[in-house]
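Chain and residue survey
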Amino acid sequence: MATLATALLLGTGVSVALAAGATGSTWASAASTTSVTTTSVTSTSGTPSGIAPALPCAGIAAQDLAAAVPGVPFEITSATELAASANTFGDWAACDVKGVIAPQIHFEIKLPETGWQANYLQVGCGGLCGSTSVNNAPASAGCVPLTSGAFAVASSDEGHYQGGGLFSTDPTLRADFGYKSDHLLARAAEAIIKVYYGQPAAHTYFDGCSQGGHQALTEAQRYPTDFDGVIAGAPANNFTALNTFSHAWTAQSVYLDGGPATITNADLADLHKAVLKGCGAPADGIIADPLSCTWDPAAIRCAAGQTPTSADYCLTADQVTTLRRIYAGPTDENGRLLYPGYQLRGSELNWAGIITPATATGGSGDISFVRETLRYQIFDSPQPTLTYKDVKFTKAYYTQVMALGEGMYDATDPDLSAFRKAGGKLILWHGLGDQHIPAVGTMAYYKAVQKATGGAEATSAFARLFLLPGVAHCGGGQGPNTFDALTAVTDWVTKGEAPSSLTTKSVDGGGNTTATRPVYPFPYVATNTTGGPADDASSYTPVRSGAEADLKLNWLGSFRSGYETVGNWVKGRWVVTRGKA
């Protein structure tokens, strides 16, 4: 990032709110080693409201930046005024810049016209991407600096136009999606910000959930100086095994022997009630520590001749088999997990449309996820006939699939020492009711980070994991799911204040807060020790979860360094080599 440290800068002196404190970002290093002049915009009340642009919005489109960043050829395709009333982030007007990074990474960056405080926020996308996602940041609800224009905000489509896996048949696009695109966008955004404001961003942040969480961890692992603060929600970081073994396992479990679904959406409400009862859930129906619950579906197996009703719900033998498999996770012929996670009890209401279909003969989301990955993303050539039914849960098949996919797609390296050394701060979060990506996998990854970086105390100095009871994939579900991790990570970066908790909220359709609950860093869970209202955060205190702290998985894989690959064109040939980029 330091290649343009002395370029496109003006004058002397810098004074920026939210820019205090040490940082490892190469962007901020550029700012700290080069004197610049900043012009503040003054609000009608007479108080400084940010750093003014150095040129008009239309002037950016006229800039020739194709060679601005060595190795990152890009062009701006448009720069237009965005009214404050049309801005989804907050009440601030922006210069909305769109462009392309070679060969076809489309990006968009919103540059505040007032209020900018020398901060840059890059946001991730979801699924397999295919479109820019610059209209929201998933863990920033109520972040006043964001709503007031303190951040320039950018995102990309990760190098392809559509949301399926077809793009992966091209090796360049596969690499752009797997690990390159966010780093390239960070470099291009740096140059654009310097031109527009006459100075670089002082602090840089990344916020993403699902695939966006995968992107966040890729940056921390492969490019540890790109961002000062990283928020990784429900990360799809074990991408290869997730989209083959995890999703195929739940699909094959629901559609036993390829037949009709044994569990459908119609079962979920009654099933969930039985699980809450079996796990001893409190009256609010939220299981705070689902990892500790080992309820067996056989406890409500139907008696001979019994017909299940809503008042007296019971399970057939096939349904018991299905549910036991879902709660156990994908295993090989020796009982070893092929993905480091499994569905937690209490997540059932969130399964609709993903794990379970609407009807016994309908399809599920899991089937679609597996199809795209198997057909286009894993193997060296397209396999257009493969389906979830073709996945084999054996050591041999696991070895084959992981060797083909993990080096380019996965972000499971637990060694974050370079990120820590650069001053980076990481907030991981995951909903315990996640129906897409089992939260256990993120717990397992975090424990691997602890092992790789000197233990729990050393890790908590720069990385913390927060688990949200009842919350579904990237939000929704039954528990309080709205929260602001962006303020928490900026305070950690700029003030050295590590978050001891995050306050989550339930918000109704009218924007009213109906419940609050704290979440504490792993392995502590919020427990109502006061007897106060279940919907009031003040009723809770942190209690260490033995189930989380002592989590051990009999997993065929491992969290390790050195699996990463990089791809480049060399003399007309696509060459893949080992090692971090």
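Conventions we followed
- Residues numbered from 1 in each chain as written.
- Predicted model: local features only at pLDDT ≥ 70, side-chain atom pairs only at ≥ 80, totals over all residues.
- Heavy atoms only, no water.
- Helix = DSSP H or I, 4+ residues; strand = E, 2+ residues; numbered from the N terminus.
- Rg over C-alpha atoms; globule rule 2.2 N^0.38 Å.
- Buried < 20%, exposed > 50% of the residue type's maximum accessible area, 1.4 Å probe, protein only.
- Contact = heavy atoms within 4.5 Å.
- Areas by Shrake-Rupley, 256 points an atom, 1.4 Å probe, with all protein chains shown as cover.
- Lys, Arg positive; Asp, Glu negative; His and termini not counted.
- Charge placed at Lys NZ, Arg CZ, Asp CG, Glu CD.
- Phe/Tyr/Trp six-rings, centres within 6.5 Å; stacked < 30°, edge-to-face > 60°.
- Lys NZ or Arg CZ within 6 Å of the ring centre and 35° of its normal.
- pLDDT = per-residue confidence, 0-100.
- Axes fitted to C-alpha atoms, helices over the stretch in contact; angles between N-to-C directions.
- Parallel < 35°, antiparallel > 145°, perpendicular 65-115°, else oblique.
- Disulfide = S-S within 2.5 Å.
- Pairing = 2+ DSSP bridges.
- Expected span 1.5 Å × (residues − 1).
- Nonpolar A, V, L, I, M, F, W, Y, C, P; charged D, E, K, R; others polar.

Another aspect to go through is the overall build of the protein. Of regular secondary structure, the protein possesses 15 helices and 17 strands. Taking 2.2 N^0.38 as the reference for a compact globule, 581 residues should give roughly 25 Å; the C-alpha atoms of the protein span a radius of gyration of 24 Å, in line with that estimate. Expressed along its principal axes, the backbone C-alpha trace of the protein runs to roughly 85 × 65 × 45 Å. When the 581 residues of the protein are sorted by exposure, 58% land in the buried category. Looking at the protein alone, contacts between residues at least 24 apart form 70% of all its contacts between residues at least 6 apart. Element-wise, carbon and sulfur atoms account for 53% of the exposed surface of the protein, whose accessible area totals about 21,200 Å². Once the 35 positive and 47 negative side-chain charges of the protein are each reduced to a mean point, those two points are 8 Å apart.

This part is about the packing of aromatic side chains. Inspection of the entire model under this criterion finds 21 aromatic pairs. Their ring planes at 70° and their centres at 5.5 Å tell us that Phe206 and Phe227 sit as a pair that is edge-to-face. Note that Phe206 is positioned in strand β8 (residues 203-209) and Phe227 in the loop between α5 (211-222) and β9 (229-233), a separation of 21 residues in sequence. A residue is classified by how much of its surface remains accessible, and Phe227, at 2% relative accessible area, is buried. Where Tyr255 meets Tyr388, the ring centres are 6.1 Å apart and the plane angle is 50°; that geometry is what we call tilted. Of this pair, Tyr255 sits in the loop between α6 (239-254) and α7 (268-278) while Tyr388 sits in the loop between α9 (365-377) and α10 (395-409), and the two are 133 residues apart along the sequence. Ring pairing ties together the aromatic residues Phe245, Trp249, Phe393, Tyr397 and Tyr398, which thus form one cluster. Here the basic side chain of Arg222 rests over the ring of Tyr179, its NZ or CZ set 4.2 Å away from the ring centre. The ring of Trp249 has Arg325 sitting right over it, with the charged end atom 3.9 Å from the ring centre.

Take the confidence of the model for the protein next. Confidence along the protein averages 91 in pLDDT terms, with 92% of residues attaining 70 or more. Predicted confidence for residues 1-48 stays below pLDDT 50, and this span has 113 contacts to residues more than four positions away or in other chains.

Where α6 meets α10, the closest approach of the two axes is 8 Å, and the angle between their N-to-C directions is 140°. Considered as vectors, α6 and α10 are oriented oblique to each other. Across from Phe239, Thr240, Ala241, Thr244 and Phe245 in α6, the residues of α10 making contact are Tyr397, Tyr398, Val401, Met402, Gly405, Glu406 and Tyr409.

A few words on the state of the cysteines. According to the stated counting rule, one finds five disulfides in the structure shown. With a sulfur-sulfur separation of 2.1 Å, Cys57 is cross-linked through a disulfide to Cys95. Every disulfide takes its handedness from the sign of the S-S torsion; for Cys57 and Cys95 that torsion is 75°, giving right-handed. Of this pair, Cys57 sits in helix α2 (residues 57-61) while Cys95 sits in strand β4 (residues 94-101); the two residues are 38 residues apart in sequence, bridging distant segments of the chain. The pair Cys57 / Cys95 is uniform in exposure class, with both members buried. The disulfide bridge from Cys279 ends at Cys293, spanning 2.0 Å between sulfur atoms. Because the sign of the S-S torsion sets the handedness, a value of about -80° for the bond joining Cys279 and Cys293 places this disulfide among the left-handed ones. A residue pair is termed long-range when its members are at least 10 positions apart, and Cys279 in the loop between α7 and α8 (317-328) and Cys293 in the loop between α7 and α8 qualify at 14 residues. The exposure classification of Cys279 matches that of Cys293, with both residues buried. Disulfide connectivity for the protein, with bonded cysteines indexed by sequence position, reads 1-2, 3-4, 5-10, 6-7, 8-9. With no disulfide of its own, Cys143 lies closest to Cys209 among cysteine sulfurs, the gap being 17 Å.

The next point concerns the sheet that holds strand β10 (residues 425-431). Within the open sheet, the nine strands sit side by side as β3-β4-β5-β7-β6-β8-β9-β10-β11. Their pairing is mixed. The strands lining the two open edges of the sheet, one partner per strand, are β3 (74-82) and β11 (463-468). Between one strand and the next, the sheet's axes are offset by a mean angle of 15°, whatever the strand orientation. Pairing between β8 and β9: five bridges, direction parallel. Its bridge partner being in β9, Cys209 is matched across the sheet by Gly233. Lying over the sheet, α5 contacts β8, β9 and β10, oriented at roughly 140° with respect to β8.

Here α9 is 13 residues long and its end C-alpha atoms lie 17 Å apart, about the 18 Å a rise of 1.5 Å per residue gives. For α9, the buried fraction is high: 10 of the 13 residues fall into the buried class. Considered for burial, the residues of α9 that qualify are Gly365, Asp366, Ile367, Val370, Glu372, Thr373, Leu374, Arg375, Tyr376 and Gln377. If you follow the buried residues of α9, they end up packed against α4 (171-197), α6 and α10.

Bringing the packing of α4 against α5 into the picture now. The contact between α4 and α5 brings their axes to 9 Å, and the two run at 70°. Looking at the two axes, α4 sits roughly perpendicular to α5. Together, Phe177, Gly178, Tyr179, Asp182 and His183 of α4 and Gln211, His214, Gln215, Thr218, Glu219 and Arg222 of α5 make up the contact between the two elements. When the residues that make up the contact of α4 with α5 are grouped by side-chain class, the tally is two nonpolar, six polar and three charged.

A few words now on the pairing of strand β6 (residues 119-123). Here β6 lies mainly inside the structure; five of its five residues are buried. Along β6, one buried face is formed by Asn119, Leu121 and Val123 and the opposite face, lined by Tyr120 and Gln122, is buried too. Across four bridges, the pairing between β6 and strand β7 (residues 151-156) is parallel. The partner of Gln122 across the bridge, within β7, is Ala154.

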